[in-house]
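Descriptive structure summary
Spelled out from the first residue to the last, the chains are:
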Amino acid sequence: MENTRRANKLLEPFDLHGLKLPNRVVMASMTRGRAANIDLAPGKIQAAYYAQRASAGLIMAEGTWVNEMSVGFINVPGLYTDKQVEGWSLVTESVHKNGGRIFAQLGHAGVLSHPDHLNGLLPVGPSAVNPKKVVFTTQGPSDSITPRELSVHEIKETVNDYKKAAANAKLAGFDGVEIHVQNPSLISQFLSDALNHRTDEYGGSIPNKARFFFEILDSVLEVWGSGKVSVKFNPYLKYQTDKDEWDDSLPTYEYLADQLNNYPLAFLQLLDYAEEGLDPKVHASRNLFGNFRKIYKGTIVANGGFTFEKANAIIEKGDADLVSFGVLYIANPDLVERIAANAPLNASQAETFYFGAEGGYLDYPTLREQSNKI
Ligand SMILES: Cc1cc2nc3c(=O)[nH]c(=O)nc-3n(C[C@H](O)[C@H](O)[C@H](O)COP(=O)(O)O)c2cc1C
């Protein structure tokens, strides 16, 4: 990996609508599956994990559920009960004590859940269409099933659950919230032609498919106000149609990005993700960030396979203001210090990404710890 230094744009400070970031390095949201308790509440180990990463300009906490029907994976924390708020308060306190800043990320697995997580109930979605993807049960991976279509009344209740979770994030001491629109997210399922077959005001035209998202955004903004709410999506996200073809949501995401110019967001985070089987050269030539920079005029956080060199280059070019790193943050709690020192990176163990306890979570060493050992 070409992680060379030169002009280190990544280490320049950034004023995020009044929140002073000491650098432009963002830790991307990562589900780590360590809330192994009946309450799905984070606790001391999450507080320690995020505190270790407090030198990031901004931490995006792992995706967290907005209600009971949104759960889609084991041991992932929620933000809809008092115990969960208490747990997240420990996390935000320890990040702030260590000089960091942290946003919550609000999510809902929608059709990509399983009755195992829902007390035997069917997962919910825009329509009763099987997404034909692998989902995670309590016993391991399994084929997805056909979900139940949400009624309009339930859609309104779900919007309200996002609002309550956003209010809970405030109670828990977060610095802002992100709305998770990428995969797996009920919102992205509403945006998909393949999964949304509705004929009411939540389906059909692009503005109708986007209505659920904008109702959520309005309600979350009501709680948080200007400059504190971000949105993350992957413009190339595709779901399978009933004819086993892939849908094309790019025009829908371009519409979203354009409309978002009318909203006082903290930032738009774009995930550049190449579909399986696509030639990487073809993917790179599509120039996602360049194209979306032309559409969206606010702050952009770029994400997806960035090396430090590419990250510096995209900021220099002006196609993004900040860059978020996912996998690199798993094994390198002091990623910012490593960028500054041009130091080598620890390798991560994929088998502990989503499961386990403190191993592969709290035990990756910092540079300082490594040099103390020598
Ligand atoms: C273990 C793991 C868990 C993830 N969980 C989430 C999540 O909860 N929310 C989210 O938006 N993205 C999630 N992602 C995606 C990352 O935020 C990021 O978009 C992706 O890893 C690409 O960035 P990278 O190439 O720097 O890792 C996850 C990725 C990994 C590896």
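Small disclaimer: the values here were computed from a predicted structure and weren't measured.

Rules used in this analysis
Residues numbered from 1 in each chain as written. Predicted model: local features only at pLDDT ≥ 70, side-chain atom pairs only at ≥ 80, totals over all residues. Heavy atoms only, no water. Near = heavy atom within 4 Å. Polar contact = N/O pair within 3.5 Å; in protein donor to acceptor, adjacent residues only side chain to side chain. Areas by Shrake-Rupley, 256 points an atom, 1.4 Å probe, with all protein chains shown as cover. Nonpolar A, V, L, I, M, F, W, Y, C, P; charged D, E, K, R; others polar. Axes fitted to C-alpha atoms, helices over the stretch in contact; angles between N-to-C directions. Helix = DSSP H or I, 4+ residues; strand = E, 2+ residues; numbered from the N terminus. Parallel < 35°, antiparallel > 145°, perpendicular 65-115°, else oblique. Left-handed = near helix turned anticlockwise from the far one by under 90°. Contact = heavy atoms within 4.5 Å. UniProt positions renumbered as here; feature names shortened; annotations may be inferred. Buried < 20%, exposed > 50% of the residue type's maximum accessible area, 1.4 Å probe, protein only. Pairing = 2+ DSSP bridges. Right-handed = clockwise from strand over helix to strand, strands pointing away. Core = buried A, V, L, I, M, F, W, Y, C linked by side-chain atoms within 4.5 Å. Phe/Tyr/Trp six-rings, centres within 6.5 Å; stacked < 30°, edge-to-face > 60°.

Looking at the site of the ligand
If you check the shell around the ligand, you find 18 residues, and the closest are Ser29, Thr31, Asn303, Gly305 and Gly326. At a separation of 3.1 Å, an oxygen atom of the ligand approaches a polar backbone atom of Gly63. Separating an oxygen atom of the ligand from a backbone N or O atom of Gly305 is a distance of 2.6 Å. Protein contacts shield 84% of the accessible area of the ligand, which totals 610 Å² for the unbound molecule. Within the shell around the ligand, the residues separate by chemical class into 7 nonpolar, 10 polar and 1 charged.

What to know about the packing of helix H1 (residues 44-52) against helix H2 (residues 82-97)
The geometry of H1 relative to H2 is characterised by a closest axis approach of 8 Å and an angle of 25° between their N-to-C directions. Between H1 and H2, the angle falls in the class roughly parallel. Of the two elements, H1 crosses H2, and the hand of that crossing is right-handed. Mapping the contact onto sequence places Lys44, Gln46, Ala47, Tyr50 and Ala51 in H1 and Trp88, Leu90, Val91, Ser94 and Val95 in H2. Class assignment for the residues of the contact of H1 with H2 results in 7 nonpolar, 2 polar and 1 charged.

Observations concerning the UniProt feature "domain: NADH:flavin oxidoreductase/NADH oxidase N-terminal" (unreviewed entry) in the chain
UniProt marks residues 9-346 with the feature "domain: NADH:flavin oxidoreductase/NADH oxidase N-terminal" (unreviewed entry), using the numbering shown here. Strand forms 17% of residues 9-346 and helix 34%; the C-alpha atoms that close the span are 22 Å apart.

A few points about the pairing of strand E4 (residues 58-65)
Among the 8 residues in E4, 8 count as buried, and that is most of the element. For strand E3 (residues 25-27) and E4, the ladder comprises 2 bridges, and the chain directions are parallel. Its bridge partner lying in E4, Met27 is registered against Ile59. Here E4 runs beside strand E5 (residues 102-107); their pairing, made up of 5 bridges, is parallel. In the strand pairing of E5, Met60 is matched with Phe103. What joins E4 to E5 is H2, and the crossover it makes is right-handed.

Quick word on unusual backbone geometry
Cis geometry is adopted by the peptide bond preceding Pro184, which originates at Asn183 and carries an omega value of -5°. Mapped onto the elements of the fold, Pro184 is located in the loop between strand E10 (176-180) and helix H4 (186-191). Even without glycine at this site, Asn119 takes up a positive phi of about 50°. With respect to the secondary-structure elements, Asn119 resides in the loop between E5 and strand E6 (124-125).

Quick word on the nonpolar core
With 92 residues, the main nonpolar core has Tyr50, Phe174, Phe213, Leu217, Val220, Phe233 and Phe325 as its most contacted residues. Here the element with the most residues in this core is helix H5 (residues 206-224); it accounts for 10 residues. Once you skip the residues sitting within four places of it in the chain, Tyr50 turns out to touch Met27, Met30, Ile59, Ala61, Glu62, Trp88, Val91, Val95 and Ile102. Formed by 12 residues, the second largest nonpolar core is a distinct cluster that contains Leu19, Leu58, Met60 and Phe267.

Looking at the side chain of Gln84
You can see Gln84 is positioned in helix H2. Given the relative accessible area of 0%, Gln84 is considered buried. In this structure Gln84 touches Asp39, Leu40, Ala41, Pro42, Gly78 and Leu79, once residues within four positions along its chain are discounted.

Description of the environment of Asp334
Within the secondary structure layout, Asp334 lies in the loop between helix H10 (327-331) and helix H11 (335-341). Judged by its relative accessible area of 6%, Asp334 is buried. For the pair Asp334 and Arg368, spaced 34 residues apart in sequence, the C-alpha separation works out to 9.3 Å. Sequence-distant contacts of Asp334, that is, excluding residues within four places in its chain, are made with Pro365, Thr366 and Leu367. Among the polar contacts made by the side chain of Asp334, one reaches the main-chain amide nitrogen of Leu367 at a distance of 2.6 Å.

Description of the packing of aromatic side chains
On inspection of all chains with the given rule, the structure shows 15 aromatic pairs. Consider the rings of Tyr49 and Tyr361, whose centres lie 4.1 Å apart with planes at 15°: the pair is stacked. Of this pair, Tyr49 sits in helix H1 while Tyr361 is found in the loop between H11 and helix H12 (367-373), placing the two residues 312 residues apart along the sequence. Tyr361 matches Tyr49 in its accessibility class, with the two residues each being buried. When the ring of Phe103 is compared with that of Phe267, the centres are 5.8 Å apart and the planes differ by 25°; the resulting orientation is stacked. Of this pair, Phe103 sits in strand E5 while Phe267 sits in strand E12 (residues 267-271), and the two are 164 residues apart along the sequence.

Side note on the sheet that holds E3
If you walk around this closed barrel you meet the 8 strands as E3-E4-E5-E10-E11-E12-E13-E14, and the pairing is parallel. Strand after strand, the sheet turns through a mean of 25° between neighbouring axes, direction not considered. Relative to strand E11 (residues 229-233), E10 runs parallel, the two sharing 4 bridges. Its bridge partner lying in E11, Ile179 is registered against Val231. Together, E5, E10 and E11 form the strand contacts of H5, whose direction differs from that of E10 by roughly 175°. Along the sheet, helix H9 (residues 308-317) makes contact with strand E13 (300-303) and strand E14 (322-325), crossing E14 at roughly 155°.

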